[in-house]
Amino acid sequence: MINLFLILFMLTSCASYRSSSITSTQTISLKAKTLGSKTHHAAFDEFILNAPNFSVDQYHDGLRPYFHEKKDSYLCNPAALATALIQDLKSKPDARKLKLKSIKSEEEIDGNALVEELLECTKTNIVSGAKTANTADCIAGLYKDAGLNYEVKIIANWSKAGFAHIDKGINIVYEYPTTADIIKYLKEGYHIIGSIDMYVPDENLNWISKGGHVVNINGYARQKNWPKNLLYLYITDPDFNYGPSEFPRYHQALLSESKVTKNLPRWQNGLFLEGGTFMGLKQRAFLSGLLIFKIKS
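Parameters at a glance
- Residues numbered from 1 in each chain as written.
- Predicted model: local features only at pLDDT ≥ 70, side-chain atom pairs only at ≥ 80, totals over all residues.
- Heavy atoms only, no water.
- Helix = DSSP H or I, 4+ residues; strand = E, 2+ residues; numbered from the N terminus.
- Rg over C-alpha atoms; globule rule 2.2 N^0.38 Å.
- Buried < 20%, exposed > 50% of the residue type's maximum accessible area, 1.4 Å probe, protein only.
- Contact = heavy atoms within 4.5 Å.
- Areas by Shrake-Rupley, 256 points an atom, 1.4 Å probe, with all protein chains shown as cover.
- Lys, Arg positive; Asp, Glu negative; His and termini not counted.
- Charge placed at Lys NZ, Arg CZ, Asp CG, Glu CD.
- Phe/Tyr/Trp six-rings, centres within 6.5 Å; stacked < 30°, edge-to-face > 60°.
- Lys NZ or Arg CZ within 6 Å of the ring centre and 35° of its normal.
- Disulfide = S-S within 2.5 Å.
- Pairing = 2+ DSSP bridges.
- Expected span 1.5 Å × (residues − 1).
- Arc of directions from axis to C-beta.
- Polar contact = N/O pair within 3.5 Å; in protein donor to acceptor, adjacent residues only side chain to side chain.
- Core = buried A, V, L, I, M, F, W, Y, C linked by side-chain atoms within 4.5 Å.

Draft legend 1. Structural view of the overall build of the chain. Broken down by element type, the chain carries six helices and 13 strands. Over its C-alpha trace the chain gives a radius of gyration of 18 Å, about what one expects of a compact globule, namely 19 Å for 297 residues. By principal-axis analysis of the C-alpha atoms, the chain measures approximately 55 × 50 × 40 Å. Going through the 297 residues of the chain one by one, you find that 56% of them count as buried. For the chain, the proportion of contacts with a sequence separation of at least 24, taken over those separated by at least 6, is 67%. Just so you have it, the chain exposes about 13500 Å², and 52% of that area is on carbon and sulfur atoms. Computing the positive centroid from 34 side-chain charges and the negative centroid from 30, the chain places the two 3 Å apart.

So this is what it looks like as structure tokens:
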């Protein structure tokens, strides 16, 4: 049973059955500025928000050839990675060294072309999604090929067997992800892609697995007197079409701790998201791992 859970978990399904947008290209400006917050610093004891003014949409119509049966998108890993890489292209001069064929202009980029390029790199299966381990391997390979100084890390209490094939330079921490991890790495300027497990409770309140997803974690806010496992997260969800804007594109979700953990697999410690795109009416989103990376100067 544990092996089955491991397989279900490590393959991120990403699908949510929504209709897509209507154009073939997903154009993102590399020059547009993002407005900063004027109120968060006054409202919270701690606050960071590094969400971009764009997000690569995994359900964009231009990606339809890669949907399962033309309707279900399992492209959350390459889409979330594309969002992070475009952030680098906008803010880090060294990112221009990345050997990506889809980057043809210093003014704008087609997010769909970048996702298509990342499909092979992340070993995405259009029926079952991609493994976080393969996404990490893709990032390390891109940074290494560009001759960049970088760090890639995974924090998750997963099976060691799932990481046997990846780049030895990737730091694997076999522990539960915590709010302290999120705070630390956001403060230090890292990208964070959060792995999400979806569950529903049966009549006896046993959690039943319903697949997985990933999101970009771009910020947090908290008060100093809050419990350690309570944190506002600012997340950018590749399953949502935010549209272009001068405002940062994100949802706010509360990271909290479930009071019921019956039947959760051993890599889960009960931290779940509430709010934004994870309202929990049909299924509950539990945080299961963190993929952390950045270009280092």
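Draft legend 2. Geometry of the packing of aromatic side chains. Scanning all chains against the criterion turns up 14 aromatic pairs. Ring plane angle 80° and centroid distance 6.0 Å describe the contact between Phe 44 and Tyr 232, whose orientation is recorded as edge-to-face. In this pair, Phe 44 is assigned in the loop between α2 (40–43) and β3 (46–49) and Tyr 232 in strand β10 (residues 231–236), connecting sequence segments 188 residues apart. A relative accessible area of 24% means that Tyr 232 is categorised as partly exposed. For the ring pair Trp 158 and Phe 163, a centre distance of 6.0 Å and an interplane angle of 5° mean the geometry is stacked. By relative accessible area, Trp 158 is classed as buried at 3%. An aromatic cluster is built from Tyr 199, Trp 207, Phe 272 and Phe 286, whose rings are joined through pairwise contacts. Over the ring of Tyr 185 we find Lys 184; its NZ or CZ atom is 5.2 Å from the centre of that ring.

Draft legend 3. Fine view of the state of the cysteines. Counted by the stated rule, this structure contains two disulfides. Residue pairing for Cys 14: its cysteine sulfur links by disulfide to Cys 76, the two sulfurs lying 1.7 Å apart. Handedness of the Cys 14-Cys 76 disulfide follows from its S-S torsion of about -40°: it is left-handed. One end of the pair, Cys 14, is in the loop between β1 (11–12) and β2 (27–29); the other, Cys 76, is in helix α3 (residues 76–91), and 62 residues separate them in sequence. Judged by its relative accessible area of 2%, Cys 14 is buried.

Draft legend 4. Expanded view of the pairing of strand β12 (residues 271–274). Alignment of strand β11 (residues 251–257) against β12, held across four bridges, turns out to be antiparallel. Each residue of the ladder has a partner; that of Leu 255, found in β12, is Leu 273.

Draft legend 5. A look at α3. Counted at 1.5 Å a residue, the expected span for α3 with its 16 residues is 22 Å, and the 23 Å between its end C-alpha atoms agrees. Buried residues dominate α3, accounting for 14 of its 16 residues.

Draft legend 6. Expanded view of helix α4 (residues 111–121). Buried within α4 are the following residues: Gly 111, Asn 112, Leu 114, Val 115, Leu 118 and Leu 119. On an axial view of α4, the arc spanned by its buried residues comes to 155°, and they lie on one face. Considering only its buried residues, α4 is in contact with β2, α3, β4 (108–110) and α5 (132–145). For α4, the capping residue at the N-terminal end is Asp 110, with a side-chain oxygen 3.0 Å from the backbone nitrogen of Asn 112.

Draft legend 7. Looking closely at the nonpolar core. Core analysis: the largest hydrophobic core is formed by 57 residues, its most contacted members being Leu 98, Tyr 143, Val 152 and Phe 293. Of all the secondary structure elements, the ones that give two or more residues to this core are α3, α4, α5, β6 (150–155), β8 (191–201), β9 (207–222) and β13 (284–295). The leading source of residues in this core is α3, at nine residues. Beyond its immediate chain neighbours, meaning those up to four positions away, Phe 293 contacts Leu 81, Ala 84, Ile 139, Tyr 143, Glu 151, Val 152, Tyr 190, His 191 and Ile 193. Among the nonpolar cores identified, the runner-up in size contains 26 residues, and Ile 196, Ile 217, Leu 255 and Leu 287 belong to it.

Draft legend 8. Molecular detail of the side chain of Gln 58. By the secondary structure assignment, Gln 58 is in the loop between β3 and α3. Filtering out sequence-adjacent residues up to four positions away, Gln 58 remains in contact with Cys 14, Leu 63, Phe 67, Ser 73, Tyr 74, Leu 75, Cys 76, Ala 79, His 213, Pro 238 and Asp 239.

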